[in-house]
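Take a look at the letters that make up each chain.
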Amino acid sequence: MQRRAQREQPERAKRLTRVLVCAAAVPVMLVATGCSSDSGSDDGGDKAASASASASPSPTVQAAAYRTLPEACGVLSKKTLKDLAPKAKSGKEGTSDDVASRASCSWSSLDNNGVKGSQFRWLNVSLLRFESDTTRGPGEKLAQEYYAKQVREVRATPGAKGLNAQAVAGTGDEATAVRYDLKKKEGTFKQQTVVARVENVVVTLDYNGAGLAGDKTPDAAALLSDAKKAAREAVLSVTRANGPSAASGSPSAPASGRPSASASEAPSASASGKS
């Protein structure tokens, strides 16, 4: 019996060893299975990354040609100012929180001749620059839209008499001159407004004159000729302020999120308050 027990002990030890080995193999199989599942997840991540990489790029729009504006009170020469507003001491600059996008300047001239009456002149230049926008489009397109809007507003001036509109050659990319009479308690004012566009900038020049206290009414044709000359000079100042390479905007340059100015914020070209 003792010898039989001695023989069975080695056998039991062998069987126990085989059980322990099998038990140890189970976690190894589980680990191998887990690695196989992770490998599948990596494949899905690679596909997602590939889809993201193939997505369409951010939208772009042609960059605006002109990046800045000249000083508004310096767009006209001293000679031009002397001809149009001889008694004006200096220009009055309009308020603006961004002079590179919007600016204006006005001059008021009163030639008082005592009992013989007086000659009044008022001149104003407004500059508005549009930046390209990925949502609204290129700056030039926005300027074209605002240019057309300005012309419509001037032609719809309340109380305008004898209104006449005509295209102006040699003044930027497009320009329109509108003239009319406006009667006020001080007298009849001869109003001339020239709206011009050059690239992404719109120039609005207002010029009116009146003979007060019995003085003669100024010649409308002469006033219009002066206004056209001044508008051409203002447009040239805009071009010079942006340098010789200003019109070579990059077609692939990304646009800013918002335009520099909107038409609804721009200064009005109406004749109200110009006396």
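Refer to the structure presented above.
This is a predicted model, so every value here is computed, not measured. (Residues numbered from 1 in each chain as written. Predicted model: local features only at pLDDT ≥ 70, side-chain atom pairs only at ≥ 80, totals over all residues. Heavy atoms only, no water.)

**Examining the environment of Val178**
Move 1: Tracing the chain through its elements places Val178 in strand 5 (residues 174-184).
Move 2: Considering only alpha carbons, one finds Val178 and Gln191, 13 residues apart in sequence, at a separation of 8.2 Å.
Move 3: With sequence-adjacent residues up to four places away left out, Val178 is seen in contact with Val154, Arg155, Leu163, Asn164, Ala165, Gln191, Gln192 and Thr193. (Helix = DSSP H or I, 4+ residues; strand = E, 2+ residues; numbered from the N terminus. Contact = heavy atoms within 4.5 Å.)

**Remarks on the pairing of strand 7 (residues 201-212)**
Regular strands have side chains that alternate between both faces of the sheet.
Move 1: Counting buried positions over the twelve residues of strand 7 gives twelve, a clear majority of the element.
Move 2: Here strand 7 shows two buried faces, one formed by Val201, Val203, Leu205, Tyr207, Gly209 and Gly211 and the other by Val202, Thr204, Asp206, Asn208, Ala210 and Leu212.
Move 3: Where strand 3 (residues 118-129) lies against strand 7, twelve bridges are found, and the strand directions are antiparallel. Paired with Asn124 across the strands is Asp206, a residue of strand 7.
Move 4: Note: strand 6 (residues 187-198) against strand 7, nine bridges, orientation antiparallel. In the strand pairing of strand 7, Gln192 is matched with Tyr207.
Move 5: Adjacent in sequence and paired antiparallel, strand 6 and strand 7 are bridged by two residues, among which Glu199 carries a positive phi angle near 55°. (Buried < 20%, exposed > 50% of the residue type's maximum accessible area, 1.4 Å probe, protein only. Pairing = 2+ DSSP bridges.)

**Remarks on the state of the cysteines**
Move 1: In total, this model carries one disulfide according to the counting rule given.
Move 2: The side chain of Cys73 participates in a disulfide bridge whose partner is Cys105; the two sulfur atoms lie 2.0 Å from each other. The S-S bond linking Cys73 to Cys105 shows a torsion near 95°; that makes this disulfide right-handed. Here Cys73, found in the loop between helix 1 (2-53) and helix 2 (78-84), pairs with Cys105, found in strand 2 (residues 102-112); they are 32 residues apart in sequence, far enough to count as distant.
Move 3: Note on Cys73: relative accessible area 22%, which makes it partly exposed. (Disulfide = S-S within 2.5 Å.)

**Here we look at the pattern of salt bridges**
Side chains that carry opposite charge are capable of pairing whenever their charged atoms lie near each other.
Move 1: Enumeration according to the criterion identifies ten salt bridges in this entry.
Move 2: For the salt bridge of Arg67 with Glu131, the shortest nitrogen-to-oxygen distance reads 3.6 Å. Note that Arg67 is positioned in the loop between helix 1 and helix 2 and Glu131 in the loop between strand 3 and helix 3 (139-155), a separation of 64 residues in sequence.
Move 3: Notably, a salt bridge pairs Arg197 with Glu140, separated by 3.5 Å at the nearest N-O pair. Of this pair, Arg197 sits in strand 6 while Glu140 sits in helix 3, and the two are 57 residues apart along the sequence.
Move 4: Residue class for Arg197 comes out buried when judged on its relative accessible area of 4%.
Move 5: Relative accessible area serves as the criterion here: at 34%, Glu140 is assigned to the partly exposed category. (Salt bridge = Lys/Arg side-chain N within 4 Å of Asp/Glu carboxyl O.)

**Comments concerning the nonpolar core**
Move 1: Of all hydrophobic cores here, the largest spans 33 residues; its most connected members are Leu76, Trp107, Leu123, Val125 and Val203.
Move 2: For this core, the elements supplying multiple residues, two or more each, are helix 2, strand 2, strand 3, strand 5, strand 6, strand 7 and helix 4 (220-241).
Move 3: No other element matches helix 4, which puts eight residues into this core.
Move 4: Once residues lying within four places of it in the same chain are set aside, the contact partners of Val125 are Val75, Leu76, Ala103, Ser104, Cys105, Trp107, Val203, Thr204, Leu205 and Ala234.
Move 5: One finds Phe130, Ala143, Tyr146 and Tyr147 within the second-largest nonpolar core, a separate group that totals 13 residues. (Core = buried A, V, L, I, M, F, W, Y, C linked by side-chain atoms within 4.5 Å.)

**Details of the side chain of Asn124**
Move 1: With respect to the secondary-structure elements, Asn124 resides in strand 3.
Move 2: Of note is the side chain of Asn124, whose polar atom sits 3.2 Å from the side chain of Ser126.
Move 3: If we skip the residues at most four places from it in the chain, Asn124 touches Cys105, Ser106, Thr204, Leu205 and Asp206. (Polar contact = N/O pair within 3.5 Å; in protein donor to acceptor, adjacent residues only side chain to side chain.)

**Digging into the pairing of strand 6**
Move 1: Most of strand 6 is tucked away: eleven of the twelve residues are buried.
Move 2: Of the strand pairs in this sheet, strand 5 and strand 6 are connected by eleven bridges, and their pairing is antiparallel. Note on strand 6: the bridge partner recorded for Leu182 is Phe189.
Move 3: Between strand 5 and strand 6, which pair antiparallel in sequence order, lie two residues.

**A closer look at unusual backbone geometry**
Where the residue is not glycine, phi is negative for most of them; where a peptide bond is considered, it is trans in most cases.
Move 1: Positive phi, close to 55°, is recorded for Glu199, a residue that is not glycine.
Move 2: Note that Glu199 resides in the loop between strand 6 and strand 7.
Move 3: In this structure, Ala213 takes a positive phi of about 55° despite not being glycine.
Move 4: Turning to its location among the elements, Ala213 is positioned in the loop between strand 7 and helix 4.

**Describing the sheet that holds strand 5**
Move 1: Strand order in the open sheet made by the seven strands is 1-2-3-7-6-5-4, with antiparallel pairing throughout. On the outer flanks of this sheet lie strand 1 (92-93) and strand 4 (161-167), each paired with one strand and no other.
Move 2: Direction of pairing for strand 2 relative to strand 3: antiparallel, over a ladder of eleven bridges. Paired with Ser106 across the strands is Asn124, a residue of strand 3.
Move 3: In the packing of helix 3 onto the sheet, contacts are made with strand 3, strand 4, strand 5, strand 6 and strand 7, and the angle to strand 6 comes to roughly 165°.
Move 4: With respect to the sheet, helix 4 is in contact with strand 3, strand 4, strand 5, strand 6 and strand 7, its orientation differing from that of strand 6 by roughly 30°. (Axes fitted to C-alpha atoms, helices over the stretch in contact; angles between N-to-C directions.)

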